[in-house]
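Examination of the molecular architecture
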Amino acid sequence: MRLSRRALVLAESATMRVHRRATELRAAGRDLVDFSAGLPDFPSPPAAVEAARRALLDGHTRYTAAAGLPDLRLALARRYGRDFGAPWGPDGAVVTVGAKAALYQLAQVLVDDGDEAVLPSPAWVSFEEQIRLAGGRPVLVPMSADDGFRIHAEPLISALGDRTRLVVVNSPCNPTGGRITEGDLRLLAEACASRGIVLLCDETYERFVYGDAVHASGAALAVDLPDTVVVVGSFSKTWSMTGWRLGWALGPVPLISKVIELQSHTTSNPTSFAMHGALAALEHGEPHVAAMRAELAVRRDLVTAALAKMPGVQCAPPGGAFYAFPHVADHFGPGRRDSVELAEHLLETAGVAVVPGVAFGAPDHLRLSFTCATSDVERGMDRLTRAFGG
Ligand code: PMP
Ligand code: GLU
């Protein structure tokens, strides 16, 4: 057997790998605090569960249109119209098997061999891999820990070139929690539009911003720049529906139509009864989202306060999402020469699972996802405090 060149350069997602490892160790009886995957511990909204159950009982168990349930596409388009004045109708919306499939399919229909996609770094693990799978070259533009990894437009604009087809902005950012401001997003969107480059806003964490912060959405710019702005979102985090595997993309009709054509050959529609549940989440899930955000804000404060007291650890409070991304290079040494070995060491000796920063392009950092019960977050931070000699 000979594997394709694509397959040979492919490696398992680092976030998924650490989570798998932690799950296996726990199943084997190890006492672990799992800060690995971005996997909210909350139940899915009862309204969504009930709607999916009813859909199953009512026989909504067949293929739907490849683009997803028409009512859900309409509800998504209306939501962006209502909240941001976005111009999209249901034909500019596609429901996908998680945001992951939306992003993958967008890369496939936008990027040719040798094309470039520009993205701020650190970046979530799958962006680069998906761009490479499409034959493209990721161009990583470093952001700085000094201002909490705020995403700046200007260095991204400077990186645009003749081969750039796509700019991917994930705000709030996984893994840093860094955000882009409305002003910077507009500058970037206009620079992209004037060059015919697609600005892809991955807004998976849009609802998780803290304090007075307001999320800047690409949807608000699509009125003025309808041909080049695309927004991707997910039911996974906002409503704690990771296992349902539902996400979406909204954007210009010619682009979304291509994604739908591709989807008609790959996954076809996302799970029919799950989409009925998602529609209920969208329509009735708001109290659930607010309660989750409040709890995550408590954990964020707890985690940042604990990290601030640890010697040799620097971490700005994340502006959004539910990850802390501390600088830990002062703790590298024999047996823990880099973030991979340090993460391994913490797993083995402290019983805490974290993701090495190198997976996101930041080798001096670790990522902690505060998506386990608040009592576990406290336990985990106590363990890390001991491990780091605090
Ligand atoms: N984008 C970002 C930035 C993510 O962190 C994730 C992981 N949840 C995804 C997309 C994919 O999410 P899902 O496929 O679960 O909707
Ligand atoms: N996105 C989440 C994370 O970064 C879930 C795992 C994945 O899809 O990468 O942990």
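The structure this text deals with has already been given above.
Rules and cut-offs
- Residues numbered from 1 in each chain as written.
- Chains lettered and ligands numbered in written order.
- Predicted model: local features only at pLDDT ≥ 70, side-chain atom pairs only at ≥ 80, totals over all residues.
- Heavy atoms only, no water.
- Buried < 20%, exposed > 50% of the residue type's maximum accessible area, 1.4 Å probe, protein only.
- Helix = DSSP H or I, 4+ residues; strand = E, 2+ residues; numbered from the N terminus.
- Arc of directions from axis to C-beta.
- Contact = heavy atoms within 4.5 Å.
- Polar contact = N/O pair within 3.5 Å; in protein donor to acceptor, adjacent residues only side chain to side chain.
- Pairing = 2+ DSSP bridges.
- Axes fitted to C-alpha atoms, helices over the stretch in contact; angles between N-to-C directions.
- Near = heavy atom within 4 Å.
- Areas by Shrake-Rupley, 256 points an atom, 1.4 Å probe, with all protein chains shown as cover.

Let us now look at helix H13 (residues 339-350). Restricting attention to buried positions, one finds in H13 the residues Ser339, Leu342, Ala343, Leu346, Leu347 and Ala350. Viewed along the axis of H13, the buried residues span an arc of 140°, placing them on a single side of the element. Those residues of H13 hidden inside the fold are in contact with helix H2 (14-27), strand S10 (352-353), strand S11 (355-356), strand S12 (366-369) and helix H14 (374-387). The opening residue of H13, the one whose side-chain oxygen lies 3.2 Å from the backbone nitrogen of Val340, is Asp338. Just downstream of H13 lies Gly351, where phi reads positive at about 70°.

Now for the sheet that holds strand S7 (residues 229-234). Within a sheet, neighbouring strands are paired by backbone hydrogen bonds and run either parallel or antiparallel to one another. Ordered by their spatial adjacency, seven strands build an open sheet running S2-S8-S7-S6-S5-S3-S4, and the pairing between neighbours is mixed. In the strand order of this sheet, the two ends are held by strand S2 (93-96) and strand S4 (137-142), each with one partner. Along the sheet, successive strands turn relative to each other by an average axial angle of 20°, direction set aside. Relative to strand S5 (residues 164-170), strand S3 (residues 116-121) runs parallel, the two sharing three bridges. Pairing of Ala117 across the sheet is with Leu166, part of S5. Across the sheet, helix H6 (residues 125-133) lies against S3, S4, S5 and strand S6 (198-202), angled at about 150° from S4, the strand it touches most. Packing of helix H10 (residues 253-265) onto the sheet brings it into contact with S2, S7 and strand S8 (247-250), and relative to S2 it is tilted by some 30°.

Once that is clear, we can look at the site of ligand 1. Around ligand 1, a shell composed of 14 residues is seen, among which Asp202, Tyr205, Ser234, Ser236 and Lys237 lie nearest. Note that an oxygen atom of ligand 1 is positioned 2.7 Å from one of the side-chain N or O atoms of Asn174. At 3.4 Å, a side-chain N or O of Thr204 approaches a nitrogen atom of ligand 1. Its free accessible area being 390 Å², ligand 1 has 94% of it covered by the protein chains. Those elements that provide at least two residues to the shell around ligand 1 are helix H5 (98-110) and helix H9 (235-238). Ranked by the residues each element gives to the shell around ligand 1, the list is headed by H5, at four residues.

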